[in-house]
Amino acid sequence: MTKITPQPGILDIAPYVGGASHVEGVSDVVKLSSNENPFGPSEATVEAFRRAGFELHRYPSTDHAALRAAIGAVHDLDPAQIICGVGSDEILHLLCQAYAGPGDEVIHTEHGFAIYRIGALAAGATPVEVPEKNRVTDVDAILAACTKRTKLVFIANPNNPTGTMIGADEVQRLADGIPETALLVLDGAYAEYVDGFDGGASLVTGRDNVVMTRTFSKIYGLGGLRVGWGYAPAHVIDVLNRIRGPFNLSTPALAAAEAAVKDQAWVDKCRSDNTRLRAWLAEVLAGHGVQSDPSETNFILARFADAEEAAACNEYLKSQGLIVRPVASYNLPEYLRITVGDEASCRRVAHAIGQFMGGAA
Ligand code: PMP
């Protein structure tokens with residue numbers, strides 16, 4: 001038996017399990033399990049990535065100045081208050097590492113993104129799970145759970161895997177109500193899917209206790225490159241930059257993300273296609289007896305009669321080459337999370353679910 005042991009909390013972490021991308025024995029597979037953009041990155045983004053290939057012998061920028069300037073210009077934010085990370089995951093982890101430790105509490109919602117709990121445990125802190133109201137973030141429940149040990153409060157808005165979101169007034173009430181020693185983290189990984197939504201940026205400006213995180217993995221179609229960013233009060237940016245790896249983002253990742261954020265026409269096109277296809281898919285599934293909450297994201301949380309039916313449907317979809325996401329690990333065993341794909345994929349998954357439900361009736 002080894003005497004070499006990790007820090008307390010680490011062994012309480014269940015390793016994150018990502019979605020599979022192939023099915024044994026099936027060749028024509030469509031992956032609808034990781035909320036990726038089915039249209040991929042824009043042409044300008046791919047071109048910038050290619051060009052960056054000629055710079056591989058150089059270390060990348062350490063301050064990400066060009067990318068931060070581009071993000072700041074597009075979102076009308078001060079680049080000095082922006083930090084870039086290896087996916088927004090890295091920023092979420094850095095926040096836990098910097099602000100929470102043994103004896104501290106980190107609040108997340110009942111069906112909040114898995115990394116909040118993992119980040120808290122990795123930092124030695126105690127994750128505190130707060131109930132939602134019908135799969136929607138419940139501000140009163142969060143405020144009731146706050147103690148003087150609360151250091152971080154994470155909400156994703158819109159949330160993964162529920163797809164739901166709360167309004168600006170509710171978020172403001174949360175920011176106003178948490179203890180003065182706590183930071184509110186607004187995870188805006190899906191913010192671009194909500195027309196006209198700033199991800200909560202306006203609440204960060206002028207306050208010292210709110211941070212917003214964003215990602216290039218979803219609407220920008222760059223999940224494979226791992227780039228995310230945060231917008232935070234200057235005192236938080238200063239702290240995070242002290243512990244961030246100096247060369248955390250590669251040259252191609254920085255170049256592609258910069259081109260991506262400058263290409264808002266692509267973002268607009270992907271948003272409107274997603275909105276149209278999401279409505280179509282939700283309606284067709286409802287016609288097959290599979291309901292879902294109104295989604296503000298690029299996925300639908302489809303509700304089945306029970307855990308057995310959801311698991312059987314998942315197996316059937318797999319046999320048809322359709323990979324969706326069971327969310328039993330989020331304590332939602334009677335649901336399947338289905339990414340809104342392109343038109344052909346939406347038709348295929350809707351048809352297969354129709355066959356399954358018809359066959360099961
Ligand atoms: N937050 C939420 C709510 C997410 O769903 C995801 C990705 N699934 C992330 C953060 C992390 O995204 P990334 O690290 O790719 O930026």
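These figures come from a predicted structure and were not determined experimentally. (Residues numbered from 1 in each chain as written. Predicted model: local features only at pLDDT ≥ 70, side-chain atom pairs only at ≥ 80, totals over all residues.)

This paragraph deals with the site of the ligand. Close contacts around the ligand come from 13 residues, with Gly87, Asp89, Asn160, Thr215 and Ser217 the closest. By residue number, the principal contributor to the shell around the ligand is helix α3 (residues 87–99), which donates three residues. Among the residues making up the shell around the ligand, the classes are represented as three nonpolar, eight polar and two charged. (Near = placed C-beta within 6 Å. Helix = DSSP H or I, 4+ residues; strand = E, 2+ residues; numbered from the N terminus. Nonpolar A, V, L, I, M, F, W, Y, C, P; charged D, E, K, R; others polar.)

What follows is about the UniProt feature "domain: Aminotransferase class I/classII large" (unreviewed entry) in the protein. Mapped onto the present numbering, the UniProt feature "domain: Aminotransferase class I/classII large" (unreviewed entry) falls at residues 28–353. With 41% helix and 18% strand, residues 28–353 has its two end C-alpha atoms placed 17 Å apart. (UniProt positions renumbered as here; feature names shortened; annotations may be inferred.)

This brings us to the packing of α3 against helix α4 (residues 114–122). To characterise two packed helices, one gives the angle between the axes of the helices and the distance between these axes. It is at 8 Å that the axes of α3 and α4 come closest, and there the two elements cross at 40°. Here α3 lies oblique to α4, going by the angle between them. The two elements α3 and α4 meet at a crossing, and its hand is right-handed. Where α3 approaches α4, its residues Asp89, Leu92, His93 and Cys96 are matched on the opposing element by Ile115, Tyr116, Gly119, Ala120 and Ala122. (Axes fitted to C-alpha atoms, helices over the stretch in contact; angles between N-to-C directions. Parallel < 35°, antiparallel > 145°, perpendicular 65-115°, else oblique. Left-handed = near helix turned anticlockwise from the far one by under 90°. Contact = placed C-beta atoms within 7 Å.)

Let us now look at the sheet that holds strand β12 (residues 325–327). One open sheet holds the four strands; their spatial order is β9-β10-β13-β12, and the pairing between them is antiparallel. Of all strands in the sheet, those bounded by a partner on one side alone are β9 (291–292) and β12. In this sheet, strand β10 (residues 299–303) lies alongside β9 in antiparallel orientation, the contact comprising two bridges. Note on β10: the bridge partner recorded for glutamine 291 is arginine 303. Those strands touched by helix α10 (residues 264–287) are β9 and β10, and its axis lies near 10° from that of β10. (Pairing = 2+ DSSP bridges.)

With 75 residues, the main nonpolar core has Cys96, Leu152, Val153, Val211, Ala256 and Ala257 as its most contacted residues. If sequence neighbours within four positions are ignored, alanine 256 has contacts with Pro41, Thr45, Ala48, Phe49, Leu222 and Leu225. With 29 residues, the next largest nonpolar core counts Phe299, Ala302, Ile323 and Phe356 among its residues. (Core = buried A, V, L, I, M, F, W, Y, C linked by C-beta atoms within 7 Å. Buried ≥ 20, exposed ≤ 12 C-beta atoms within 10 Å, placed from the backbone.)

It is common to give the size of an interface as the accessible area that goes away when the parts come together. Once the domains are mapped, the protein shows domain 1 (17–40 + 265–360) and domain 2 (43–262). The gap between the C-alpha centroids of domain 1 and domain 2 is 26 Å. With 23 residues of domain 1 in contact, the opposing surface of domain 2 contributes 18 residues. Among the secondary structure elements, those contributing two or more residues to the side of domain 1 that touches domain 2 are α10, β10 and β13 (332–339). A total of four residues in the side of domain 1 that touches domain 2 trace back to one element, the largest contributor, which is α10. In terms of residue class, the side of domain 1 that touches domain 2 is built from nine nonpolar, nine polar and five charged. (Domains from an automatic or database assignment.)

This paragraph deals with the UniProt feature "modified residue: N6-(pyridoxal phosphate)lysine" (unreviewed entry) in the protein. With numbering aligned to this structure, UniProt lists the feature "modified residue: N6-(pyridoxal phosphate)lysine" (unreviewed entry) at Lys218. Its place among the elements puts lysine 218 in the loop between β7 (210–215) and β8 (228–231). Sequence-distant contacts of lysine 218, defined by excluding residues within four places in its chain, comprise Asn35, Asn37, Ala189, Tyr190, Glu192 and Asn298.

The next point concerns the confidence of the model for the protein. Per-residue confidence for the protein gives a mean pLDDT of 96, with 99% of residues at or over 70. Of the two predicted TM-score estimates for the complex, the pTM is 0.96 and the ipTM is 0.99. (pLDDT = per-residue confidence, 0-100.)

All right, on to the sheet that holds strand β2 (residues 82–85) then. Here seven strands make up an open sheet; going across it, the order is β2-β8-β7-β6-β5-β3-β4 and the pairing mixed. The outermost strands of the open sheet, each flanked by one partner alone, are β2 and β4 (126–130). Across the sheet, the mean angle separating the axes of adjacent strands is 20° when strand polarity is ignored. Bridge analysis of strand β6 (residues 183–187) against β7 gives four bridges, and the strand direction is parallel. Within β7, the position partnered with leucine 186 by the bridge is methionine 212.

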